[in-house]
Each structure stands twice: as C-alpha cells, then as structure tokens.
Amino acid sequence: MRRIALVDYGKLELQNGIAEIKELQQGTVKIAVKACSICGSDIALYRGQRSLKDERYFGHEFSGIVTDAGTQANGIKVGMRVASELSRTCGQCWNCLNGLKNYCKSMNNALLPGGFSEETLVLNTPEYSFLSQIPDSLDFETAALLEPTNCAFRIAHQANITPGGSVVIFGLGAMGIISALILKSLGARKVVGVDRSLQRLQKLRSLSLIDVVNGNDTNWLEQVQEMTSSKGADIVIEATGATSVLGDVFKTVRPGGRIVVASVYHAPAGDLTLLPIMRKELTIVGAKGPYPHITSEGKSIPVQIMMKLQKELQKLVTVYDYKDALQAFEDAMSGTAIKAVIRFN
Ligand SMILES: [Zn+2]
Ligand SMILES: [Zn+2]
C-alpha cells in the first residue's frame, strides 16, 4: 500500500509497501482511495502551525470505492462510490442538541491513516457518518472536493444571503472561490473577489467564474464599490487567514452589513481598530465547517450542490499522480494550483 507520509514538519515521504490494514473495528469502513485533495489545514500541519502529535490522520478530503463495509456501516456497502464529508452526527451530545453539530466529534476519532493513503479506514456508524455516496456522473477528482464544498456551503449558510444581495470575498483560495460560486447560485446579485496573489488573479481571470479585484491596487476599494454599491457590500467574507485583512473588511461592508469569518487565524490581530463594529452596527459570524447539512430525506445537500456546480468545480482542480505528490504540495503552497488533487491509480 502506497501513502504520502508527513514524517516531520516540512518533510513529506512517498512510502511504498506499507502493511495493509487488516483489522476492521465495528462501524468502520475500508476505502480504496482514488483521489485526495490538499486542504489548507494539511499545509498548516506541514508548516508546523498545527501539532503533528495531535493528529492521527493525514488527508481528509478524499473519494474512493468501499472495499470492506464491516458491520453496522449505516447503509454503506462494498463497491459503493463515496467521498468524505461528515454528513451525520450523533444527535444526542450537548453540541448536537444545541445546533453545534460541527463540534460533535473530531476527525481524529473517525479516520486512520487518512486520505493520502491508498487505503484508509473511516468510522461510519448510524450515530456518526463520515461518508456520502456520490453519483456515477461525478468523477473522483472533483468528488474529492466534497468536504471543502461542505465547508463553503457552511460559509454561504452563515452569510444568510437574500437574493439580490451583494457579496465581497477576501481571499480566493478554494474556500473563498467555492463559497463565491455557491452564493452566486443562491441568488447573489454581485459577487466580487479580492486577492493579492497575481498568479491567482491571473488564473481566476482566465477562468472567468467571478469578478476579481487586485488587492494591491491603491484604489481597490473604489473598484469594489463601483461593482457593488457606494454604501458598501451587504455581506463580506474573510477567507485569507490574515488577521490584518479585517481592517479592509470593515471598510468594505455597508452599515448594518454582515461579516463571515471563514479563516483559520494563526496570529493575533495586532493594532486592528474595532470601532467600525459599533459605528456600522455590524453582525460578525464565524463559519466552521464541515457541518452535516442534509435534506429531510437524509441526503447530502453539498453533494447536490456539487452536481449543480460540477463544471465550475472541475476548473478549480489540478490533478497530480501519486508520484508527483511533492510537486502537488509545492503548487498548493505557492498558489499555482487552486485545488491540488492527488490521484492514486
Ligand atoms: Zn478540508
Ligand atoms: Zn453529537
């Protein structure tokens, strides 16, 4: 079994001939991984911004085929095409009973060794379900984006958009751009993205998915206001990970507007001026995905969104073979690839 192992901070290894996983606990499912996407949190781990000691798994955005379903696998059967999502939680813990289902259980309790491996185990019980079935028409490489699509849907949910509203998104990594696409599909009148990476801006301009503004331009704010409103945007999403950007967010949002913080911050906000929160009567909410968004029939809403946005999502994916995994991480870190997906064949 081949895997991509993070043996130390900044040190990835392609390991071959690792022993197969034989032991199957009750409620765990074995997956032959077909594709695994690199998440910002994988990069944070690589860079030492998260502790390796605390993580049992590596890679959580994956798709594949079920090779062993054990017992009590909650409807998951051998041969099924699936992707990781975190689609259902226990429904009984304090978090679940108080609308905080995204805090029910940590992935550490559900995943081993993770999606950067040809084979992985996943917990999938009636109380806690990690996997969603995917349609045959959805290719594995795009399906690996199910978990980030779920997180992006959480951002859109927290944005509470009303049709006709205007949205500005700071940070056009995968999270920013996927939530932009979802908000557009939910009826936003205008969605504008702001980013400072010239490479990324060039790429996004060529894809023409949303309007973009170069955050390095001295008149970036005027450009954004021209596209949205001189009063400012109804909703601003912060997805850069840089606390200093919050100052720009306060300038961009209209009085009475809403800010969604979708960033994982690794540093304090320094000398940020907070007065606009009161002066503009702002609503500020966080979005911590993934969240089990399901229909009344128990189907995954993010899977349905993926089907609707499949063409657009495909454009965000750069596929790498397993042997080129180190390059995939390089390109994900430099921003050359919006979403780097590693394929096991
Ligand atoms: Zn992720
Ligand atoms: Zn729970």
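Just so you know, these numbers come straight off a predicted model, no measurement behind them.

## Focus on the UniProt feature "transmembrane region" (unreviewed entry) in the protein chain
- When the UniProt feature table is mapped onto this chain, "transmembrane region" (unreviewed entry) is found at residues 164–183.
- Helix and strand shares over residues 164–183 are 50% and 25% respectively, and the end C-alpha atoms of the span are 11 Å apart.

## A closer look at the coordination of the zinc ion (ligand 1)
- For the zinc ion (ligand 1), the full set of protein donor atoms is Cys-39 (SG), His-60 (NE2), Glu-61 (OE) and Glu-147 (OE), at a range of 2.1 to 2.6 Å.
- What the four donor atoms of the zinc ion (ligand 1) show is an angle range of 84 to 168° at the metal, which sorts the shape as irregular.
- Spacing between the donor residues of the zinc ion (ligand 1) along their common chain follows C-x20-H-E-x85-E. Taken as a pair, His-60 in the loop between helix H1 (40–46) and strand S4 (61–68) and Glu-147 in helix H4 (residues 146–159) lie far apart in primary sequence, 87 residues in all. Pair check on accessibility: His-60 and Glu-147 agree, each one buried.

## Description of helix H6 (residues 198–207)
- Taken residue by residue, H6 has Leu-201, Leu-204 and Leu-207 as its buried positions. Seen end-on, H6 carries its buried residues on one side only, within an arc spanning 125°. Seen from the open side of H6, the exposed residues pointing more than 90 degrees away from its buried face are Leu-198, Gln-202 and Ser-206.
- As for H6, its buried residues are in contact with helix H5 (174–185), strand S10 (190–195), strand S11 (211–214) and helix H11 (310–316).
- Looking one or two residues past H6, Ser-208 carries a phi angle of roughly 40°, positive in sign.

## Quick word on the coordination of the zinc ion (ligand 2)
- The coordination sphere of the zinc ion (ligand 2) contains the protein donors Cys-90 (SG), Cys-93 (SG), Cys-96 (SG) and Cys-104 (SG), at a distance range of 2.3 to 2.4 Å.
- Coordination at the zinc ion (ligand 2) comes from four donor atoms whose angles at the metal span 104 to 116°, giving a geometry best classed as tetrahedral.
- All donors to the zinc ion (ligand 2) come from one chain, and their sequence spacing reads C-x2-C-x2-C-x7-C.

## Notes on unusual backbone geometry
- Of the consecutive residues Leu-112 and Pro-113, the connecting peptide bond is found in the cis state with omega at -5°.
- Tracing the sequence through the fold places Pro-113 in the loop between strand S6 (111–112) and strand S7 (119–123).
- A cis geometry characterises the amide bond from Gly-289 onward to Pro-290, with omega recorded as -5°.
- The residue Pro-290 is located in the loop between strand S14 (283–286) and helix H10 (301–308) in this model.
- Phi is positive for Asn-160, which is not a glycine, with a value near 50°.
- Position of Asn-160 relative to the elements: it lies in the loop between H4 and strand S9 (166–170).
- The backbone of Glu-281 shows a phi angle near 50°, a positive value even though the residue is not glycine.
- Its place among the elements puts Glu-281 in the loop between helix H9 (275–279) and S14.
- Judged by its relative accessible area of 64%, Glu-281 is exposed.

Parameters at a glance
Residues numbered from 1 in each chain as written. Chains lettered and ligands numbered in written order. Predicted model: local features only at pLDDT ≥ 70, side-chain atom pairs only at ≥ 80, totals over all residues. Heavy atoms only, no water. UniProt positions renumbered as here; feature names shortened; annotations may be inferred. Helix = DSSP H or I, 4+ residues; strand = E, 2+ residues; numbered from the N terminus. Donors = N, O, S within 2.8 Å, 3.2 Å for Na, K, Ca; no water. Tetrahedral: all angles 85-135°; square planar, octahedral: opposite > 155°, others 65-115°. Buried < 20%, exposed > 50% of the residue type's maximum accessible area, 1.4 Å probe, protein only. Arc of directions from axis to C-beta. Contact = heavy atoms within 4.5 Å.

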